[in-house]
Amino acid sequence: MSRNRLSITLGALALAASQLASAALPTRPVLTLAAAQQVMQAAQAKADAENWPCVISVVDAAGLPLALVRMDNAAVPAGVEIAPGKARTAALFKRPSGALEDAINGNRPAAATARGFVLMRGGLPLVADGQIVGAIGVSADTPQHDEEIAKAGAAALK
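What comes next is a walk through the structure. This is a predicted model, so every value here is computed, not measured.

## Quick look at the pattern of salt bridges
The final tally for this structure, using the stated rule, is five salt bridges. With its nearest N and O atoms 3.1 Å apart, the salt bridge here joins Lys46 to Glu50. Highlighted residues: Lys46 and Glu50, both in helix α2 (residues 33-50), separated by four residues, approximately one helical turn. Look at Lys46 and you get partly exposed, because its relative accessible area is 23%. The closest approach of N and O atoms between Asp102 and Arg121, which form a salt bridge, is 2.3 Å. Linking Asp102 in helix α4 (residues 97-105) with Arg121 in the loop between α4 and β3 (123-128), this pair joins segments that are 19 residues apart in sequence. Since its relative accessible area comes to 40%, Asp102 is described here as partly exposed. Owing to a relative accessible area of 22%, Arg121 belongs among the partly exposed residues under this scheme. Among the charged side chains, a network of salt bridges with common partners joins Lys46, Glu50 and Glu148.

Dropping the structure here:
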């Protein structure tokens, strides 16, 4: 290989290496177990205060479980499956699960074909530093109570 060609090749490698070094990966906040427990405790306090025993689930941004509590006398025994599903739905769709319920009942009935998701009120994304870091899902006795409890939990993260 000629000296000129070697110099060009080494220069190209140096340029590529500097570009890789400057191409930093993005960072984002992550929902820790401690933060998930804080969300859970705030939601449970709201449910206790209102006498709305329920199931509460907190998941990370990938929809994977971090915490679940089934309160004594939870109104809906199936909530142990419904609450995590609402949380997972809110995390992966990056919107309240109630928005999908509205879509089904409104101008987007095809949303009901989203298999494996719970398209019911009670799931809310959890936001930190403007980014969705997880979600909370609640299964109590009414959709309105589900949302109130979830909002109390979500507010604890801010």
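## Some details on helix α3 (residues 79-93)
Look at α3: 20 Å from first C-alpha to last across 15 residues, which is about the 21 Å you get at 1.5 Å a residue. Of the residues making up α3, those classed as buried are Gly79, Ala83, Gly85, Lys86, Ala87, Thr89, Ala90 and Ala91. Residues of α3 that are buried sit in contact with β1 (55-60), α4, β3, β4 (131-139) and α5 (143-155). Backbone geometry just downstream of α3 places Lys94 in the positive-phi region, at approximately 60°.

## Examining the nonpolar core
Ranked by size, the top nonpolar core spans 24 residues in total, and within it Ile56, Val58, Leu126, Ile136 and Ile149 carry the most contacts. Going through the elements one at a time, α2, β1, β3, β4 and α5 are the ones with two or more residues in this core. Here this core gets six residues from one element, more than from any other, and that element is α2. Contacts of Ile149, omitting those with residues within four sequence positions, involve Ala43, Lys46, Ala47, Trp52, Cys54, Ile56, Val138 and Ala140. Core analysis: the second largest hydrophobic core is formed by five residues, Val59, Ala87, Ala90 and Ala135 among them.

Cut-offs and rules
Sequence order sets the numbering: in each chain, residues are counted from 1 along the sequence as written. Restriction of local features to residues with pLDDT of at least 70 applies here, the model being predicted, together with a cutoff of 80 or more for giving and counting side-chain atom pairs; totals for whole chains, interfaces and linings are based on all residues. Processing note: side-chain calculations cover all non-hydrogen atoms of the structure and skip hydrogens and water entirely. We count a salt bridge whenever a side-chain nitrogen from Lys or Arg sits within 4 Å of a carboxyl oxygen from Asp or Glu. A run of H or I in DSSP becomes a helix once it reaches four residues, and a run of E becomes a strand once it reaches two; helices and strands are each numbered from the N terminus. The buried label applies to any residue whose accessible area, calculated with a 1.4 Å probe on protein chains only, is under 20% of its type's maximum; exposed applies above 50%, and partly exposed to all values in between. An expected span of 1.5 Å times one less than the residue number is assigned to each helix. Contact definition: two residues touch when any of their heavy atoms are within 4.5 Å. Definition of nonpolar core: a set of buried residues of the types Ala, Val, Leu, Ile, Met, Phe, Trp, Tyr and Cys, connected through side-chain atoms within 4.5 Å.

Function-wise, these values are silent; they only describe arrangement.
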